[in-house]
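# Working through the structure, step by step
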Amino acid sequence: LGGIRASRKVGEIIIISGLSVTFGLCLATAWQFLTGPMPAAFNDALRVDGLSALVLVLCGFIGLLSAAYGVGYTRRNDARGLVTPRMRQEFSVLTPAYVFAMLLVSVSNNLGILWIAVELTTLASVFLVAYHNRDTSLEAAWKFLMLGSLGLGFALLGTVLLFASAQGALGEDLTALHWTQFMAHASELHPFTLRLGVVFALIGYGTKAGLAPMHTWKPDAYREAPSPAGVMMAVGMLNPALYCLLRVHLISKAALGPDFSGGLLLTLGLLSVLVAMPFILIQWNLKRLLAYSSIEHIGIMAVGIGLGGEAAVFGALLHMTYHTFAKPVAFFSAGTLAQLHRSSNFAVIGQGTLGRAPITSALLLLAALFVTGSPPFSLFFSEMRILGAGFLGSHVIATSVFLAALVILFCGFAYQIGRLVLGQQAAHRASAPDPETLDWGVGVTLVAALIAIVSTFYLPGPLMGLIRAAAAVVSEGA
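To start, this report covers the structure provided alongside it. In this text the structure is predicted, and so the values were computed from the model without any measurement.

Our focus in this paragraph is unusual backbone geometry. The omega torsion across Ala-212 and Pro-213 is 5 degrees, close enough to zero to call that bond cis. In this structure, the amide linkage connecting Pro-375 to the following residue, Pro-376, adopts the cis form with an omega of 10 degrees. Relative to the assigned elements, Pro-376 resides in the loop between helix H14 (358-371) and helix H15 (378-392). In this structure, Asn-133 is a non-glycine residue whose phi angle is positive, near 60 degrees. Secondary-structure assignment places Asn-133 in the loop between helix H4 (111-129) and helix H5 (135-165). Asn-133 gets classed as exposed once you look at its relative accessible area, which sits at 58%. One non-glycine residue with positive phi stands out, namely Arg-342, at about 60 degrees. Position of Arg-342 among the secondary structure elements: in the loop between helix H12 (310-341) and helix H13 (346-349).

Shown next, in the form of structure tokens:
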């Protein structure tokens, strides 16, 4: 038994150390971008600009944080006899593989490599969704695989059509699919073929991001995946998928002007926010609630990009950054509550969790303030930036609908979490939940909450510089 425990600790040390080094390399790469010229690699197939550097840092951060919480999550399940040695090995392999795929997306200058990297995230995600090996897990994994493969098929067709729109101007070697090549030859792209390619690519990568109406895999996948994997899907997959959407948007913007792809993103973003609204109001499962919250937030980012203009784009990228810091608190606290009650269904957890698990419940309540954009927390400011740009621009009606939906979503999410945490406890419960302890998982959640709170009032200068540089890439194609 002692040998098994020692082996587990060695595995935990390896994965945390490895992802710590990886995050450090991401920070070093971003710092190199901010302070000097960035060398390209593999014949410019891998390249870092402002947008790449920002997504790279956020993905490295979320990979490390998810792995750290995963240690406590696995220990808790192990104590209950729910984890086999094979499951531990599977989690230890899939987590760094997922992080590698996310990072590869963020530095890909080649649309073909970009597509392959997104495919790698899908393969890792399928096994993570099916991790618990329940009937519902396998069903959710199959649904995710089918919809994800369909989306990737659309994205591949879109990539082929984008290449075809160049009519041979890009050449035939690897560099022909470089994003920078498309930008340099934007005036030579065939408009009709390009429009088809943009539509298919936005639908394909929008499926990975969870934009409506391609969002239906999210609720089941989030419910069944382990909470550390849920965070990587909710943030780690969302950020690279948005990166893909932005690269396609920039090609379209350079060749066709901002209205075509911008209008599509605005429509899909607004639809996502509207679709999330009723399902949050009637939700019956805590993790599914967070899934619809993610659909809402990718919708908010898409609306910001679709509105166009420097202020709206900056607001969307600021929202992506703040969302990366806020959403882990929600997933970690929800995951701990689900573990303590052995279910994520509201009916099983019951109301009044503050009396049974005060630390985790308080963290979940704090997370609800984060993700609903409650003042004075961070997402409030990014949402106000997007709304201000919308009302000052030419999309006043769409922005008004967007604002109304945000208000309803705020009320619905606050009602669901408030009832769960602060509601009246039942006099008798069918089964008592496990007692809350200040273990590793709760400690990581506290650290994540502290980071989210600090980010509300202070973003380091280099990180703000990355956001501005990313906004310049999207606004100006620079």
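With that settled, consider the environment of Ala-312. In this structure, Ala-312 sits in helix H12. Between the C-alpha atom of Ala-312 and that of Met-301, which follows or precedes it by 11 residues, the distance is 9.2 Å. Ala-312 has contacts with Gly-304, Leu-307, Ile-386 and Ala-389, leaving out every residue within four places of it along the chain.

Let us look at the side chain of Thr-74. Note that Thr-74 resides in helix H2 (residues 50-79). Not counting residues within four places of it along the chain, the set of residues in contact with Thr-74 comprises Val-83, Arg-88 and Phe-91.

A word on the packing of H4 against helix H9 (residues 227-256). Remark: H4 packs on H9, axes separated minimally by 11 Å, with the N-to-C direction vectors making an angle of 160 degrees. Taken together, the axis directions place H4 and H9 in an arrangement best described as roughly antiparallel. Note on packing geometry: the crossing formed by H4 with H9 is left-handed. Residues Leu-111, Leu-114, Val-118, Ser-125, Leu-128 and Val-129 of H4 pack against Ala-229, Met-232, Met-233, Met-237, Tyr-243, Cys-244 and Ile-251 of H9. Per-class residue counts for the contact of H4 with H9 are 12 nonpolar, one polar and no charged.

Here we come to the packing of aromatic side chains. Throughout the structure, instances matching the rule amount to 12 aromatic pairs. The interplanar angle of 20 degrees and the centroid separation of 5.6 Å between the aromatic rings of Phe-154 and Phe-200 together place this pair among those described as stacked. Separated by 46 residues along the polypeptide, Phe-154 in helix H5 and Phe-200 in helix H7 (residues 191-209) bring together distant segments of the chain. Judged by relative accessible area, Phe-200 falls into the partly exposed class, the value being 23%. Their ring planes at 5 degrees and their centres at 4.9 Å tell us that Phe-279 and Tyr-292 sit as a pair that is stacked. Highlighted residues: Phe-279 in helix H10 (residues 259-281) and Tyr-292 in helix H11 (residues 286-307), separated in sequence by 13 residues. A relative accessible area of 5% places Tyr-292 in the buried class. Ring-pair connections join several aromatic residues into one group, and the members of that group are Phe-144, Trp-217, Tyr-222 and Phe-331. The ring of Trp-440 has Arg-75 lying over it, and the distance from NZ or CZ to the ring centre is 5.4 Å. Positioned over the ring face of Phe-260 is Arg-195, at 5.8 Å from the centre of the ring.

Another point: helix H16 (residues 396-422). Taking 1.5 Å as the rise per residue, H16 with 27 residues should run 39 Å; its terminal C-alpha atoms sit 38 Å apart, in good agreement. Residues Thr-399, Phe-402, Ala-405, Leu-406, Leu-409, Gly-412, Phe-413, Gln-416, Ile-417, Leu-420 and Val-421 constitute the buried set of H16. The inward-facing, buried residues of H16 contact H10, H11, H12, H13, H14 and H15.

Right, let's get into the packing of H12 against H14. Orientation of H12 relative to H14, taken along the N-to-C sense of each, is 145 degrees, at an axis distance of 8 Å. Viewed along their axes, H12 and H14 form a crossing whose handedness is left-handed. Together, Ala-326, Lys-327, Val-329, Ala-330, Ser-333, Ala-334, Thr-336 and Leu-337 of H12 and Thr-360, Ser-361, Leu-363, Leu-364, Ala-367, Phe-370 and Val-371 of H14 make up the contact between the two elements. Residues that form the contact of H12 with H14 fall into these classes: 10 nonpolar, four polar and one charged.

Let us look at the environment of Ala-155. When you line up the elements, Ala-155 lands in helix H5. Residue classification places Ala-155 among the buried positions, given a relative accessible area of 0%. Not counting the four nearest positions on each side in its chain, Ala-155 is found in contact with Trp-115, Phe-200, Ala-201, Gly-204 and Tyr-205.

Parameters and conventions
- Residues numbered from 1 in each chain as written.
- Predicted model: local features only at pLDDT ≥ 70, side-chain atom pairs only at ≥ 80, totals over all residues.
- Heavy atoms only, no water.
- Helix = DSSP H or I, 4+ residues; strand = E, 2+ residues; numbered from the N terminus.
- Buried < 20%, exposed > 50% of the residue type's maximum accessible area, 1.4 Å probe, protein only.
- Contact = heavy atoms within 4.5 Å.
- Axes fitted to C-alpha atoms, helices over the stretch in contact; angles between N-to-C directions.
- Parallel < 35°, antiparallel > 145°, perpendicular 65-115°, else oblique.
- Left-handed = near helix turned anticlockwise from the far one by under 90°.
- Nonpolar A, V, L, I, M, F, W, Y, C, P; charged D, E, K, R; others polar.
- Phe/Tyr/Trp six-rings, centres within 6.5 Å; stacked < 30°, edge-to-face > 60°.
- Lys NZ or Arg CZ within 6 Å of the ring centre and 35° of its normal.
- Expected span 1.5 Å × (residues − 1).

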